[in-house]
Amino acid sequence: LVRSRGLGDVYKRQRSGIGYDLHKYEPGDGITLGGYKIACNYKIVAHSDGDVLLHSIADSILGAAGLGDIGMFFSDQDNKNKNLDSTLIIEHCLNELNKMDLEIYNIDTTIICENPKINPHREKILESLSAVLKVPMKIIMLMYIGEFII
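Residues numbered from 1 in each chain as written. Predicted model: local features only at pLDDT ≥ 70, side-chain atom pairs only at ≥ 80, totals over all residues. Heavy atoms only, no water.

## Focus on helix α5 (residues 122-133)
Here α5 is 12 residues long and its end C-alpha atoms lie 16 Å apart, about the 16 Å a rise of 1.5 Å per residue gives. When we look at burial in α5, the residues that qualify are Ile125, Leu126, Ser128, Leu129, Ser130, Val132 and Leu133. Where α5 ends, the next residue or the one after it, Lys134, has phi of about 60 degrees, a positive value. (Helix = DSSP H or I, 4+ residues; strand = E, 2+ residues; numbered from the N terminus. Expected span 1.5 Å × (residues − 1). Buried < 20%, exposed > 50% of the residue type's maximum accessible area, 1.4 Å probe, protein only.)

See the structure below:
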């Protein structure tokens, strides 16, 4: 959810957006979630760095601001976005929010995967998200579903 920094009618004060991202795995040396690298035997197949958590959050930010989705700004058909660090996508989203005098005040997100196990990395992911999004950890809710999904 984002909200206006100023006063105004309810529509202008609060907005919500929904983001979703899904990628395949393949053998590799780790995946990045929320800007935090988890060492494991997989990597995410993607045009950018494949940070599905930051991609879904970026889509929710852009949606809440009425700006579309990350594909409109960072096309997977553009070679300059190859292996792009997803924190740059978030930086772009935050700049767009700032132009509109909006700020993030709540993030509720869910990661769905069996491997790697997320819970051992949960706090580090939250710390990274807090730094990348420039928000306090207390406004980020991170859920994990990972049992028997395949």
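## Describing the environment of Ser60
Counting through the fold element by element, Ser60 comes out in helix α2 (residues 52-64). Here Ser60 falls in the buried class, since its relative accessible area comes to 19%. In sequence terms Ser60 and Tyr20 are 40 residues apart; their C-alpha atoms lie 8.0 Å from each other. In this structure, Ser60 is in contact with Gly17, Ile18 and Gly19, ignoring residues within four places of it in sequence. (Contact = heavy atoms within 4.5 Å.)

## Thoughts on the side chain of Ser130
Mapped onto the secondary structure, Ser130 falls in helix α5. Judged by relative accessible area, Ser130 falls into the buried class, the value being 15%. Setting aside anything within four residues of it in sequence, one finds Ser130 in contact with Val135, Pro136, Met137 and Ile140.

## Topic: the packing of aromatic side chains
Going through the model one piece at a time under the given rule, you end up with 1 aromatic pair. Note on Tyr25 and Tyr42: the rings are 5.2 Å apart at their centroids and 45 degrees apart in plane angle, and the pair reads as tilted. In this pair, Tyr25 is assigned in strand β3 (residues 25-27) and Tyr42 in strand β6 (residues 42-44), connecting sequence segments 17 residues apart. A residue is classified by how much of its surface remains accessible, and Tyr25, at 33% relative accessible area, is partly exposed. Tyr42 gets classed as partly exposed once you look at its relative accessible area, which sits at 31%. (Phe/Tyr/Trp six-rings, centres within 6.5 Å; stacked < 30°, edge-to-face > 60°.)

## Some thoughts on the nonpolar core
One finds Leu33, Ile90, Ile104 and Leu133 to be the most contacted residues of the largest nonpolar core, which totals 37 residues. Of all elements in the fold, only β4 (31-33), α2, α4 (86-99), β7 (102-104), β8 (107-112), α5 and β9 (140-145) reach the threshold of two or more residues within this core. Residue contributions to this core peak at 7 residues, all from α2. (Core = buried A, V, L, I, M, F, W, Y, C linked by side-chain atoms within 4.5 Å.)

## A short note on the side chain of His55
Counting through the fold element by element, His55 comes out in helix α2. In this structure the side chain of His55 is engaged in a polar contact, spanning 2.9 Å, whose partner is the side chain of Asp21. Apart from residues no more than four positions distant in its own chain, His55 is found in contact with Asp21, His23, Ser48, Asp49, Gly50, Ile70, Ser86 and Ile89. (Polar contact = N/O pair within 3.5 Å; in protein donor to acceptor, adjacent residues only side chain to side chain.)

## So, the pairing of β9
Residue alternation in β9 divides its side chains into a buried set, Ile140, Leu142 and Tyr144, and an unburied set, Met141, Met143 and Ile145. With 6 bridges connecting them, β8 and β9 associate as parallel partners. Following the sheet pairing, Ile111 is matched in β9 by Tyr144. As for the winding sense of the linkage, the β-α-β connection from β8 through α5 to β9 is right-handed. (Pairing = 2+ DSSP bridges. Right-handed = clockwise from strand over helix to strand, strands pointing away.)

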